Amino acid sequence: MSIDNAEGPVDIRPWLRVCIAVASVLTVLAVLIGGEVGGPDLANDISTWALTVLPIAAAGACLWRSRRYSGRHRWGWAVLGAGVLSWGAGQAYTLAQYYPHGGDLPVPSPADAGYLGMLLLIPIGLLILPSASQPLANRARSVLDGLLLATALVIVSWVLVVDPRIDTSHQNVGFYIKLLYPLGDIVIATMIGYMLPQRRARFRCSADLLLFGLGVAGFAISDIGYSYLGMIDDYRPGSVVDLGWIIGFGLVIVGAARPKDAEPLRNEFSSRARMGGVMAPYVAVGAALVVSAMFHLVTGHSTPFVAWSRSLLIALLIGRQVLTLLENRDLTRGLESRVEARTAELHAREQQFHALIRHSSDVVTVIDANGSVIFQSESMQRVFGYPAEAFLGRHYTELLAPEVAGRLAQAMRQVAVRPFASATLEVVHTHQDGRLRPSEMIITNLVDDPHVGGFVLNTRDISERKELQEQLIHEAYHDSLTQLANRALFRDKTAAALARTTGLTVLHLDLDGFKRVNDSLGHLAGDQLLVEIADRIKGCVRSEDVVARFGADEFAVLIETASAEEGEFVARRILDDLELPVEVGARNIHVRASIGLAQASLLAEEDEDRAEQLLRNADLAMHHAKAAGGSAFTSYRAQMRDGLIERLELENDLRAALENQELRLHYQPTVDLDTSAVVGFEALVRWPHPTRGMINPLDFIPIAEATGLIVPLGLWVLREACRQAVEWSEAAGGRPLKMSVNVSVRQFDQPDFAETVAAVLAETGMPADRLCLEMTESVLMTDTEANLEQLVRLKALGLTLAIDDFGTGYSSLAYLRRFPVDTLKIDRSFVERLGMLAGDTALTDTIVRLGKSLGMSTVAEGIEEFGQLAALREMGCGFAQGYYFSRPVPAAEAGRLFLEGAEPVETSA
């Protein structure tokens, strides 16, 4: 349970426990005192002690509340607590005089100083409490209102109650002191009553002050009873009269203990209630004057007390009127200053409005219901070149072109059906210099607005925006370098042409070897070359044909109403034109291209996106032309698409095979030619397809390279080969085994490849010196510095590096000396010609000698007969592989070969 205050929700459960405790105590005291349980003496004792303890507790609660505030709030509650404590001090003196049973001191006595101290301190504390909307004069007037009410009530009470029951012998100092108590309570209650409306919070009034005021009301009831019973000598301590004080202090404790309310926001009292609060003092004064006049008429005389009280009442009324006049004067001055400030503000806003209209980029025009211009902003001169006064009083149809006037009339009829409706249209206005200026016009119906009385036209020149839109559209659909159409525009043009006819041919052109131009001469030279190529292609086609650049070095041509022969003629003319060298700077560059042609007539009926399919067909034909050697053109055939679909299916099957672990490793042994022992294996991946059978690696390895699947495939091969090598070595009693694994270009280009290899070695427990990574010469010859760094990181792991298919690439002796390579694997093309040509035998012998001179071991691949083996032994080759020893075999059979050795098998060439 919580309430909202200025600092957020607050839990009120502790306060509810305080309320329950106070209510319980008050109930017990009311029963004991009101019922005189145990007799009058016990009731007297209980009342005296309760009236000593409760004021002290109430003062403590007020002081505790003051510590939760700062500034005037803190000081106000502290003074309120001091006032309550003063009353308790007076009661404590009474208890001390009659300890332990209590009693009633004569009046006056020192105890009355404490009682009267409360009547002085509490009003001071109330005046200290802050009030955002209640100035000091207003709060001073609340004190006078309290005195007026109190004095009026005293006069009424004296005439109606006191005078008939008291003689002059009782009118001593004590008598008048007893009258001060209820008078002071009434003044305090009046002040609180005036403060409460100013302290209304968001959801409730200031309950702390309300409860404090109810407590003061309890004091007033007891003080009235005490004064009256004292006048007739009938008061005794411990009577029911004391309950008003007891309950009052209990309410003060509850109010002071309550959590803080929210900050005041608004006065939620009605105007009638506020008027009643203003008129209450006058009503009381009128009643007092009427009663005193009637008393004088009835008795024929007036007592000094009534006379003096009436004089005080008149003096207080005069003081209140003076304060009211001062307050009204300040209010009048405030209102005058606010009116002056508001008038100045309105004037400033009017000037601001005129300045904004005068310098606005919009032209503001007001046309009345009859179509005449009744206002024209000065911005007309700046935007369209016409003076504003030239339009005033004229009918809008005289000022606009007929087409624009007709559209404007239609828009005005559209918005005229509903007040404040608006419509927007784009029109073309004519500048005074004759230029056409696209404009946006917003028409708003303000005919019913008394300040306007017409249709308001806000006209804005949008020439620059239109130019920017056209520029952005052009950039979105054209290549920024060549200014040709881009792929998006070309596709849209193709789709539009297909809607008209199927006599279309699309040419997809790709330059051969363009990357070498960028790498060698730089991108600036490459851009110049592309611009020249674009111009040459445009020169080979008709003006109505569409030429586009798809990006990089790819171009396309759309030829409408073209037969297959016409498309081939254009392709041949483009290739012939590209035969001429292109001059870039001081260099002449020869360019070749591959062109694919696709005809719309060959599109299948079931193709949904026919334009996109036509572009794909041309792209597929272009790749076939490039695969055939380039500098040629190829027309699309349905078989090309079937081959592409088969390739896609094989790619999907390869992904699934990797995920489902359907790939297998076969192992081909490596034999030491000196001992004829199997010293290692080369791991070769195999794919037993569930429906196609064993798929040749030459069919799926290129797909893996092109799609990037070679990276996870190579990682799986490396991990499985190392695991198998460790298993075989442990089965052979720790006999060392060399395992060779092929590494692709994509794997080698991975920046964390060395870390991946190290992780596999650690995972499988494979000694690094028993792993050999094989790579082709082409891997080493590209990006040599980066490759050298990669080789050094791999070599630092302790493994062996080998060049596979050595002799078929372009490696030089300088590179072999520089790279940390351990093994040269002689390509099978040299081995299979041993003994046939003397030159081939000499070349193989040279490779073996080169390896020895560089400190590298040599491995001959592809040995299939004894003569080749004998020749290699004579040359001094160290190791060999081939069908003569064993084909690549599954893991189980390879393990047997490692343990038992490989028996030579004669095979035919």
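Quick caveat, the model's predicted, so the values are computed rather than measured. Numbering of residues starts from 1 in each chain and follows the order in which that chain's sequence is written. Confidence filtering applies because this is a predicted model: local features only for residues at pLDDT of at least 70, side-chain atom pairs given and counted only at 80 or more, and all residues used for totals across whole chains, interfaces and linings. Side-chain metrics in this entry use all non-hydrogen atoms of the structure; hydrogen atoms and water are not considered.

All right, on to the sheet that holds strand S7 (residues 454–461) then. Sheets are built from strands paired through backbone hydrogen bonds, the pairs being either parallel or antiparallel. Strand order across the open sheet formed by five strands is S4-S3-S7-S6-S5, with antiparallel pairing between neighbours. A strand with exactly one partner marks an edge of an open sheet, and here the two such strands are strand S4 (373–376) and strand S5 (422–430). Ignoring which end each strand starts from, the neighbouring axes of this sheet average 25 degrees apart. Paired strands, in this sense, are two strands between which DSSP finds at least two bridges. Here a strand is any run of E in DSSP of at least two residues, a helix any run of H or I of at least four, and the numbering for each starts at the N terminus. Sheet topology note: the strand S3 (residues 362–367)/S4 ladder contains three bridges and is antiparallel. When the bridges of S4 are listed, Thr-365 appears paired with Gln-376. Helix H13 (residues 402–415) rests against S3, S5, strand S6 (436–446) and S7 of the sheet, and its axis sits at about 170 degrees to S5. Where helix H14 (residues 463–477) meets the sheet, it contacts S5, S6 and S7, and its direction lies at approximately 120 degrees from that of S6. Working convention: axes come from line fits to C-alpha atoms, limited for helices to the stretch in contact. Angles between N-to-C directions cover 0 to 180 degrees. Pairs of residues are marked as contacts when any of their non-hydrogen atoms sit within 4.5 Å.

Along the chain, pLDDT gives the predictor's confidence residue by residue, from 0 to 100. Residues of the protein with pLDDT of at least 70 account for 83%, and the chain-wide mean is 81. Taken as a whole, residues 201–205 scores under 50 in pLDDT and shows 16 contacts with residues more than four places along the chain or in a different chain. Note on residues 262–269: pLDDT is under 50 here. Beyond four places in sequence and across chains, it has 24 contacts.

On to the sheet that holds strand S9 (residues 546–551), then. In spatial order, the strands read S9-S10-S8-S13-S14; together these five strands make up an open sheet with mixed pairing. Each edge of the open sheet carries a strand with a single partner, namely S9 and strand S14 (632–635). For this sheet, the mean inter-axis angle between neighbouring strands, taken without regard to orientation, is 20 degrees. Here seven bridges tie strand S8 (residues 504–512) to strand S10 (residues 554–560), and the two strands are oriented antiparallel to one another. Across the sheet, Leu-507 pairs through a bridge with Val-557, a residue of S10. Its contacts with the sheet place helix H18 (residues 564–579) against S8, S10, strand S13 (592–599) and S14, and it is angled at close to 170 degrees to S13. The strands touched by helix H19 (residues 610–627) are S8, S9, S10, S13 and S14; relative to S13, the strand with the most contacts, the crossing angle is about 140 degrees.

In contact at an axis separation of 7 Å, helix H3 (residues 72–97) and helix H4 (residues 110–128) are set at 170 degrees when each is read in the N-to-C sense. In terms of orientation, H3 and H4 fall into the roughly antiparallel class. Residue classes in the contact of H3 with H4 are distributed as 18 nonpolar, nine polar and one charged. Oblique is the label for every angle not falling under 35 degrees (roughly parallel), over 145 degrees (roughly antiparallel), or within 65 to 115 degrees (roughly perpendicular). Charged residues are taken to be Asp, Glu, Lys and Arg, nonpolar residues to be Ala, Val, Leu, Ile, Met, Phe, Trp, Tyr, Cys and Pro, and polar residues to be all remaining types, Gly included.

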